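The primary structure of each chain is shown beneath.
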Amino acid sequence: MAIPVCRASVSSYHRLFDSLCPRLSTKNSMPKKSRLLYCASSELNSVQSRSELSFCVGTHLIPHPNKVDRGGEDAFFVSSYNGGVIAVADGVSGWAEQNVDPSLFSRELMANASCLVEDEEVNYDPQILVQKAHAATLSVGSATMIVAMLERSGILKIASVGDCGLRIIRHGQVIFSSSPQEHYFDCPYQLSSEAVGQTYLDAVVSSVELTEGDIIVMGSDGLFDNVFDHEIIAAMARFSDVAEGAKALANLAHSHSLDSNFDSPYSMEARDKGFDVPLWKKILGMKLTGGKLDDITVIVGQVVSSRDISIA
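Figured I'd write up the structure that's included with this text. From a predicted model like this one, the values you see are computed outputs, not experimental measurements.

What counts and how
Residues numbered from 1 in each chain as written. Predicted model: local features only at pLDDT ≥ 70, side-chain atom pairs only at ≥ 80, totals over all residues. Heavy atoms only, no water. Patch = residues over 30% accessible without salt bridge, like charges linked within 9 Å, V, L, I, M, F, W, Y side chains within 5 Å. Areas by Shrake-Rupley, 256 points an atom, 1.4 Å probe, with all protein chains shown as cover. Salt bridge = Lys/Arg side-chain N within 4 Å of Asp/Glu carboxyl O. Helix = DSSP H or I, 4+ residues; strand = E, 2+ residues; numbered from the N terminus. Phe/Tyr/Trp six-rings, centres within 6.5 Å; stacked < 30°, edge-to-face > 60°. Buried < 20%, exposed > 50% of the residue type's maximum accessible area, 1.4 Å probe, protein only. Axes fitted to C-alpha atoms, helices over the stretch in contact; angles between N-to-C directions. Left-handed = near helix turned anticlockwise from the far one by under 90°. Contact = heavy atoms within 4.5 Å. Nonpolar A, V, L, I, M, F, W, Y, C, P; charged D, E, K, R; others polar. Arc of directions from axis to C-beta. Pairing = 2+ DSSP bridges.

**Some details on a nonpolar patch on the surface**
Inference 1: On the surface, W280, L284 and M286 cluster together to form a nonpolar patch covering roughly 360 Å² of accessible area.
Inference 2: Structurally, the position occupied by M286 is in the loop between α7 (279-283) and β14 (296-305).

Here it is in structure tokens:
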């Protein structure tokens, strides 16, 4: 099989099966509707410093219209361990052309990451978590992946391979944006079952100091191909509830993906890479526009102080 396997459309949502990891709990399973997953650290009964920080997290998922019955090809997990962990994997749909279910790899990858998040060898390092989760994944396929781990001191550590993304918003401005990795247009870096491919060593690794009130928006490319940063900022300003914010962003991305006249981030990048309408249409003033139909996964996390924590 040639690597990389590339895609015309990738992403979506899948449940982590308890059979893949006995330690997976209801809290870390993926809901089919938007809701608050947690607003707590894993040691609420311990004595904590007032300066310790953690996540309140909400999610929302909208599968590709043609993949609703299968649930799509994305997977994710959230954990309240330490300050909180969030992750998304986006199964590469090109594998379907080889009669491989693209969702299996991303599901197992996230299930393994969820199992290993507290592993001593991982040592709360997202790049090592990527390494160990990838090594433990036996399904055929490939996926992009992003992981963000919040230390209670407020340091957010990020590792990503491919084009899942993350934004950090503070006081109405994006103060950090992850960088997508592509071999060429619409063909991202990816972790694969093949011997030749990207590994944890190819991950973009970042570290950002967060403060109380910061908003983290993570998602598959179905979000960032269809929604501009200024729209993300505006949506987050309208909703104080993380679950409602995640739902609003997912719905906005879905709406844009169906709009052939919307000049989306995806269509703008396509034109920049040389993809456009035929010359005669250009002469008539036309250009390539439209959103990208895809599965959409959105995770929104708000940084809160321990003194503000309550069990949802």
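**Some words on the packing of aromatic side chains**
Inference 1: Going through the model one piece at a time under the given rule, you end up with 4 aromatic pairs.
Inference 2: Here the aromatic rings of Y81 and Y124 are separated by 5.7 Å at their centres, their planes lie at 70°, and the arrangement is edge-to-face. Pair noted here: Y81 is in the loop between β3 (74-79) and β4 (85-91) and Y124 is in the loop between α1 (102-116) and α2 (126-136), with a separation of 43 residues, a long-range link.
Inference 3: Exposure remark for Y124: the relative accessible area of 8% places this residue in the buried category.
Inference 4: Consider the rings of F185 and F275, whose centres lie 5.2 Å apart with planes at 35°: the pair is tilted. In this pair, F185 sits in the loop between β9 (182-184) and β10 (187-188) while F275 sits in the loop between α6 (265-272) and α7, placing the two residues 90 residues apart along the sequence.
Inference 5: Aromatic ring contacts, followed pair by pair, group F185, Y266 and F275 into a single cluster.

**Focus: the packing of helix α4 (residues 229-238) against helix α5 (residues 242-257)**
Working note: a packed helix pair is described by the angle between its axes plus the distance between those axes.
Inference 1: α5 packs onto α4 with a crossing angle of 145° between their chain directions and a minimal axis gap of 9 Å. Between α4 and α5 lies a crossing whose hand is right-handed. Of the residues in α5, those in contact with E231, I232, A235 and M236 of α4 are G245, L249, L252 and H256.
Inference 2: Considering only residue class, the contact of α4 with α5 consists of 5 nonpolar, 2 polar and 1 charged.

**Details of α4**
Inference 1: Within α4, the full set of buried residues consists of E231, I232, A235 and M236. For α4, the buried positions fall inside an angular range of 135° around the axis, keeping them on one side. Seen from the buried face of α4, the exposed residues on the opposite side, beyond 90 degrees, are H230, A237 and R238.
Inference 2: Buried residues belonging to α4 abut β7 (165-170), β13 (215-219), α3 (221-224), α5 and β14.

**Some details on the pairing of strand β8 (residues 173-177)**
Inference 1: In this sheet, β8 lies alongside β7 in antiparallel orientation, the contact comprising 4 bridges. Residue pairing for β8: R167 is matched across the bridge by S177.
Inference 2: Counting the residues in the hairpin turn of β7 and β8 gives 2 residues, including H171, whose phi is positive at 50°.

**Notes on unusual backbone geometry**
Inference 1: One non-glycine residue, N82, adopts positive backbone phi at about 60°.
Inference 2: Along the chain, N82 turns up in the loop between β3 and β4.
Inference 3: Notably, N99 is not glycine yet its phi reads approximately 60°, a positive angle.

**Section: the pattern of salt bridges**
Inference 1: All chains considered together, the criterion is met by 13 salt bridges.
Inference 2: Measuring nitrogen to oxygen at the nearest pair gives 3.2 Å for the salt bridge that ties D221 to K292. Of the two residues, D221 is situated in helix α3 and K292 in the loop between α7 and β14; the sequence distance between them amounts to 71 residues. Summarising the burial analysis for this pair, D221 and K292 share the class buried.
Inference 3: Of the charged contacts in the structure, one is a salt bridge between D263 and K287, with a shortest N-O distance of 3.2 Å. Taken together, the residues span a long stretch of sequence, with D263 in the loop between α5 and α6 and K287 in the loop between α7 and β14 at a distance of 24 residues.
Inference 4: Since its relative accessible area comes to 21%, D263 is described here as partly exposed.

**Side note on the environment of F239**
Inference 1: Checked against the element boundaries, F239 lands in the loop between α4 and α5.
Inference 2: With sequence-adjacent residues up to four places away left out, F239 is seen in contact with E244, G245 and A248.

**What to know about the environment of A250**
Inference 1: Positionally, A250 belongs in helix α5.
Inference 2: Taking the C-alpha atoms as reference points, A250 and T297, 47 residues apart in sequence, are found 7.0 Å from one another.
Inference 3: Not counting residues within four places of it along the chain, the set of residues in contact with A250 comprises H60, I62, I296 and V298.

Treat this as a map of the structure, not an account of what it does.
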